[in-house]
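The primary structure of each chain is shown beneath.
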Amino acid sequence: MDTLLREPQSLDPAALAYTPEVAEATKPVYERVKRVIPEIEWPFHAPIIHAIDRLKRERNAVVLAHNYQTPEIFHGAADIVGDSLALARQAAETDADVIVVAGVHFMAETAKLMNPSKTVLIPDAAAGCSLAESITAADVRLLRQKYPGVPIVAYVNTSADVKAEVDICCTSGNAVEVVESLGVPRVIMLPDEYLAKHVASQTSVEVIAWKGHCEVHERFTGAEIAEFRSRFDNLVVIAHPECPPDVLAAADFVGSTAHMIDMVAKNRPPRVFMVTECSMSDNIAASLPDVEFVRPCNLCPHMKRITLANILTALQTLEPRVEIPAELADRARRSVERMLAVKPKPRA
């Protein structure tokens, strides 16, 4: 653990200059993102990416980035990228001493649950989530009283306090498998109402939903989908299950962010409308030049609190740290471990 005790060399402004050395070192990254990041912006990003890489080596650190992060983070600073399920799995397996979560707070909490002895950092502690804030541990206890004996499934988009009160977690990518793994006729699923309704449409298990919503996905409408179809020929619409039912009904494909990426990479539709946070389209477009992305830009204000600059600061200072009381963490960890133990179904 010497890497945690040794102070890194301080970075003066000269260390963040766009020098020929930095340009050469970051050239492979820019080749990946040049379709989505203007060349004029690269001299601002490249020195920070270069400094982050150096500090990651000094700290034995990794950066986990969600699919909704901006391309300079997703392709430039991150070591591991993916949806909530992928990040939870990778967080459980990493041998790094320091984990920086380029995502929102519940993701950093999940990483800490799976790595209680490691340093887990969230570059901006105020990076929250409307879903996570829509339910509390007290709400879960009241649900237990109202529905005695009914298992409770919590989306990973919840706080550690909530995870500690439920039976198992899920993500949008494995929610149906998790619900069916319980072997019961009825479950409570929280906090996303639209995801719960989508899961209910995919299984014979009765699903009792909570009325939480994602502030990004709930803004999309079926009328908006119809408008885009009228403007763009041969448009393939791919929607996240946190969207309202009329959006899902209008979509050609519904799936988690990982499933959405896989669908586009496998099928290469010529023109795609991804009904989700718009940075994800940029991240995929960087790798798929033959696919045209129609971009209605609904941004997550919480994800956008994470920047290259505060990732660098987090690595320099090892703050802000995510800490969870041991007794609470033990209970919350069980619900995540149960989720990770559920075997995924093969994808079509």
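Refer to the structure presented above.
Counting starts from 1 at the beginning of each chain's written sequence and moves along it residue by residue. At least 70 in pLDDT is required for a residue's local features to be given in this predicted model, at least 80 for side-chain atom pairs to be given and counted, and no such filter applies to totals for whole chains, interfaces and linings, which use all residues. Heavy atoms from the whole structure form the basis of all side-chain values; hydrogens and water molecules are not counted.

> Is there a simple way to think about the environment of Phe293 in this case?
Under the scheme used here, helices are H or I runs from DSSP no shorter than 4 residues and strands are E runs no shorter than 2 residues, and both carry numbers assigned from the N terminus. Residue position: Phe293 is located in strand β12 (residues 292-294). Residue burial is assigned from relative accessible area. The probe radius is 1.4 Å, only protein chains are included, and a residue is buried under 20% of its type maximum, exposed over 50%, and partly exposed in between. On the basis of relative accessibility, which here comes to 8%, the residue Phe293 falls in the buried class. Phe293 sits 154 residues away from Asp139 along the chain, and the two C-alpha atoms are 40 Å apart. Residues contacting Phe293, with those up to four places away along its chain left out, are Val264, Val272, Met274, Ser281, Ile284 and Ala285. Between two residues, a contact is recorded if the distance between any of their heavy atoms is within 4.5 Å.

> Where do I start with the pattern of salt bridges in this structure?
Two side chains that carry opposite charge are able to pair once their charged atoms sit near each other. Salt bridge, as applied in this entry: a Lys or Arg side-chain nitrogen positioned within 4 Å of an Asp or Glu carboxyl oxygen. All told, the structure shown has 19 salt bridges when counted by the stated rule. Of the charged contacts in the structure, one is a salt bridge between Asp53 and Lys56, with a shortest N-O distance of 3.5 Å. Of this pair, Asp53 and Lys56 both sit in helix α3 (residues 42-59), three residues apart, which is roughly one turn of the helix. For Asp53, a relative accessible area of 26% translates into the label partly exposed. One salt bridge in this structure joins Asp290 and Arg268, with 3.2 Å as the shortest N-O distance. Of this pair, Asp290 sits in the loop between α14 (279-285) and β12 while Arg268 sits in the loop between α13 (257-267) and β11 (271-275), and the two are 22 residues apart along the sequence. Judged by its relative accessible area of 40%, Arg268 falls in the partly exposed class. One continuous salt-bridge network, built from bridges that share partners, spans Arg141, Glu165, Glu327 and Arg331.

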